[in-house]
Amino acid sequence: MRPPMRPGRRPLTISVRRGPLLESSHRVHAVITDAAGRIAGSWGDAARATVLRSAAKPFQALPLVADGAVDHFGFSGEEIALCCGSHNSEEAHLSVARSMLAKAGVAESLLVCGPHPPLRRERERELAAAGTPLTPIMSNCSGKHAGMLALAAFHSWPLEGYENPAHPVQLRMRLELARWARCDPRAIPTAVDGCGVPTFAIPLADLAVAMARLAVAAEEGGAPGRVVGAMASHPFMVAGTDRLCTRLVQAEEGRVIAKTGAEGVYAAADRTRGLGVAVKVEDGAWRAAPPALLAVLASAGILSQAAARALAEHVEPPLTNTLGNVVGHLAADP
């Protein structure tokens, strides 16, 4: 395990080394807070406006539980977890997404998330070899979209157009995020996410506070307890085979939850200590996000030594060439 870093105002650096040579580097902003907003550690700009992308999904899942849609449709823990997930499009993920739509009485054709190749390369090759066409259910965000359609169906809101910023589903989810991040919902900038629905931008520290507050509230049960509990109990639905969001939860036996977002965003929470963590890779490089998150967790004593050993290939991801030979690695500078 690498020596702990010293929190400070300078950004964290993820170095890319090819053999002994420093080839590239990525600057990372990160912050750790408690539920009251007290900063336990920071690197770079904790106030940096950060587009949350899929890191917002746990908060977008909360209205389904809080409003009663989950109980009304009989959604399982796996289905709640998939609402929070950015999945690999593995068969188990697709089956759960279709189950949600069936229970809500919603046609799969109403999904507006565009299809894309699976996030896991092996799954992409498997589908290509089988000649399987890509469809919206295979989007890594199909669980979130199924949840949005279910929320609309539960409230008798229009199903078509659920992706529009002014639709009641999107207004409800924006309000929920604002509550946890302690922001004015009218002041949260929005844009269009990769899957077609609104995404939100808030200060990085506010994301950490929201995660800390969610972790604390989860211990009291209710909607937060069911959402966080689903992520902890069904981590495969949150990501899938070989993905850090899944493997970190498994390695820490549900004590830590984590959720990635595109463009190098990560959010995590320590459920036992009530701490929230937010990470943003400045240049958006996805490859730097996993080692950055794990370095920050290790610095705060959140990442156990056993988990660090189990996640060694994410702590210092290997750099390989076209022959599959390991020729270097990525690592956080201490």
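Please refer to the structure higher up on the page.
These lines cover the structure that appears in this document, whether it is placed above or below. Because the structure is predicted, anything quoted here is derived from the model rather than measured. (Residues numbered from 1 in each chain as written. Predicted model: local features only at pLDDT ≥ 70, side-chain atom pairs only at ≥ 80, totals over all residues. Heavy atoms only, no water.)

### Overview of helix α12 (residues 289-299)
Line of reasoning, step 1. Most of α12 is tucked away: 10 of the 11 residues are buried.
Line of reasoning, step 2. Among all positions in α12, only Ala289, Pro290, Pro291, Ala292, Leu293, Leu294, Ala295, Val296, Leu297 and Ser299 are buried.
Line of reasoning, step 3. Count one or two residues on from α12 and you reach Gly301, which has phi positive near 75 degrees. (Buried < 20%, exposed > 50% of the residue type's maximum accessible area, 1.4 Å probe, protein only. Helix = DSSP H or I, 4+ residues; strand = E, 2+ residues; numbered from the N terminus.)

### Focus: the nonpolar core
Line of reasoning, step 1. Residues Leu248 and Leu293 are the most contacted members of the largest nonpolar core, which totals 111 residues.
Line of reasoning, step 2. Ranked by the residues each element gives to this core, the list is headed by helix α8 (residues 204-218), at 10 residues.
Line of reasoning, step 3. Beyond its immediate stretch of four places on either side in the chain, Leu248 contacts Val256, Ala258, Leu293, Leu294, Leu297, Leu303 and Leu311. (Core = buried A, V, L, I, M, F, W, Y, C linked by side-chain atoms within 4.5 Å. Contact = heavy atoms within 4.5 Å.)

### Focus on the pairing of strand β6 (residues 198-203)
Line of reasoning, step 1. A large share of β6 lies buried, amounting to 5 of its 6 residues.
Line of reasoning, step 2. With 3 bridges joining them, strand β4 (residues 49-51) and β6 adopt antiparallel strand pairing. In the sheet register, Val51 faces β6, and the bridge partner there is Ala201.
Line of reasoning, step 3. In this sheet, β6 lies alongside strand β5 (residues 190-192) in antiparallel orientation, the contact comprising 3 bridges. Pairing of Ala191 across the sheet is with Thr199, part of β6.
Line of reasoning, step 4. Connecting β5 to the antiparallel partner β6 that follows it, the hairpin turn spans 5 residues, and Gly196 within it adopts a positive phi of roughly 100 degrees. (Pairing = 2+ DSSP bridges.)

### Details of the pattern of salt bridges
Line of reasoning, step 1. Evaluated as defined, the whole model comprises 21 salt bridges.
Line of reasoning, step 2. A salt bridge links Arg120 to Glu122, with the nearest nitrogen and oxygen atoms 3.7 Å apart.
Line of reasoning, step 3. Here Glu126 and Arg123 are joined by a salt bridge, their closest N and O atoms 2.7 Å apart. Here Glu126 pairs with Arg123, and both are found in helix α5 (residues 121-130), just 3 residues apart, close to one helical turn.
Line of reasoning, step 4. On the basis of relative accessibility, which here comes to 46%, the residue Glu126 falls in the partly exposed class.
Line of reasoning, step 5. Overlapping salt bridges, with partners in common, bring together Asp67, Arg172, Glu176 and Arg179 in one network. (Salt bridge = Lys/Arg side-chain N within 4 Å of Asp/Glu carboxyl O.)

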